[in-house]
Amino acid sequence: VNNIPTAGATRKTRHMFCFLALMLVILFPMSALANDIIGEIKRVKGTATVSREGVSKPLKATQGMLLFLHDQLKTGPDSRLRLVFKDGSYMTMGEKADLRLDEFEFDAKKEERKAEFSVAVGKFKVFAKDLMKFKKKAFNIKTPTAVIGVRGTVYLVWVVDKTITKVVCFQGALDVRNQFDPSQYINLTKGLATDVIKNLPPSKPVS
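What you see is a predicted model; the values in this text were computed from it and never measured.

## With respect to the packing of aromatic side chains
Point 1. With the rule as written, the count across this model stands at six aromatic pairs.
Point 2. On the numbers, 6.4 Å between centres and 10° between planes, the contact of F104 with F117 is stacked. Of the two residues, F104 sits in strand β8 (residues 98-107) while F117 sits in strand β9 (residues 112-128), which places them 13 residues apart along the sequence.
Point 3. With centroids separated by 5.6 Å and ring planes inclined at 85°, the aromatic side chains of F117 and F139 adopt a geometry described as edge-to-face. Separated by 22 residues along the polypeptide, F117 in strand β9 and F139 in strand β10 (residues 136-142) bring together distant segments of the chain.
Point 4. With relative accessibility at 0%, the residue F139 sits in the buried group.
Point 5. The ring of W158 is capped by K123, whose NZ or CZ atom sits 4.2 Å from the centre of that ring.
Point 6. Across the ring face of Y185, the terminal group of R177 is positioned such that the distance to the ring centre comes to 4.1 Å.

Have a look at this one:
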């Protein structure tokens, strides 16, 4: 008879079980999400939004907000965003810009980085950190007309509209390709610029 649990003990056990179950539900998704954190918003000027998978409405962009894989960021008129990524690279978005964080893998131990972002419209200044000792360090920006590939450099991407992208190299070197025919490409070095117009090879670099 002494081994039969009382009603109070049974309720206490049931409450403890429910609490543990709730903690598992909360903690396991958060652990999974932590693996998808790829950076943060370092600075905000004006207005900007972040559209996130699993969230019904766009979120207001705020300083210190964490960035997740597949986030889509948009800036309003006269607005700016400064983004910093886990590998030490950073990006500044100009006004009325649209960016999607498609792919980002960074493993310091394996010495590997692979980043791929899509730019729909707007101006972006990019500093892709040069991870000199890394075996893999791809950092690609895709626009409606171009693919810009770098390992480490500073450059400007301006997607004027769906038919033209302007690229300026400030430091290092870029591999600029036509989106529709990757065999059409040029190497862009410091102080040079090119235009990539839909269905045409990148224009001859100009100072």
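## Digging into the pattern of salt bridges
Point 1. This model, assessed by the stated rule, comprises ten salt bridges.
Point 2. Salt-bridge contacts for D98 lead to K74; the nearest nitrogen and oxygen are separated by 4.0 Å. Of the two residues, D98 sits in strand β8 while K74 sits in strand β5 (residues 72-75), which places them 24 residues apart along the sequence.
Point 3. Residue K74 is classed as partly exposed on the basis of its relative accessible area of 40%.
Point 4. Several salt bridges share partner residues, and in doing so they unite E53, R100 and D102 into one network.

## A look at the pairing of strand β7 (residues 90-93)
Point 1. Residue alternation in β7 divides its side chains into a buried set, M91 and M93, and an unburied set, Y90 and T92.
Point 2. When strand β6 (residues 80-85) meets β7, the two strands line up antiparallel, connected through four bridges. Across the sheet, residue V84 finds its bridge partner in β7, namely Y90.
Point 3. If you look at the hairpin formed by β6 and β7, you'll find four residues sitting between the two strands, and G88 has a positive phi there, around 95°.
Point 4. Of the pairings in the sheet, the one linking β7 to β9 comprises four bridges and is antiparallel in character. Among the inter-strand pairings, Y90 is bridged to a residue of β9, identified as F127.

Criteria and thresholds
Along each chain, residues carry numbers from 1 onward, in the same order as the chain's sequence is written. Reporting in this predicted model follows two pLDDT cut-offs: at least 70 for local features of residues, and 80 or more for side-chain atom pairs to be given and counted; totals over whole chains, interfaces and linings ignore these cut-offs and use all residues. Only hydrogens and water are set aside when side-chain values are computed; all heavy atoms of the structure are taken into account. Here is the rule: rings of Phe, Tyr and Trp (six-membered ring for Trp) pair when centre to centre is within 6.5 Å. Planes less than 30 degrees apart are stacked, more than 60 are edge-to-face, and the remainder are tilted. Put simply, DSSP H or I for four residues or longer makes a helix, DSSP E for two residues or longer makes a strand, and each gets a number counted from the N terminus. Accessibility here uses a 1.4 Å probe with only protein chains present; expressed as a share of the type maximum, an area under 20% marks a residue as buried, one over 50% as exposed, and anything in between as partly exposed. For a Lys NZ or an Arg CZ to count as sitting over a ring, it must be within 6 Å of the ring centre and within 35 degrees of the ring normal. What counts as a salt bridge is simple: a side-chain nitrogen of Lys or Arg found within 4 Å of a carboxyl oxygen of Asp or Glu. Here, strands pair whenever DSSP counts at least two bridges between them.

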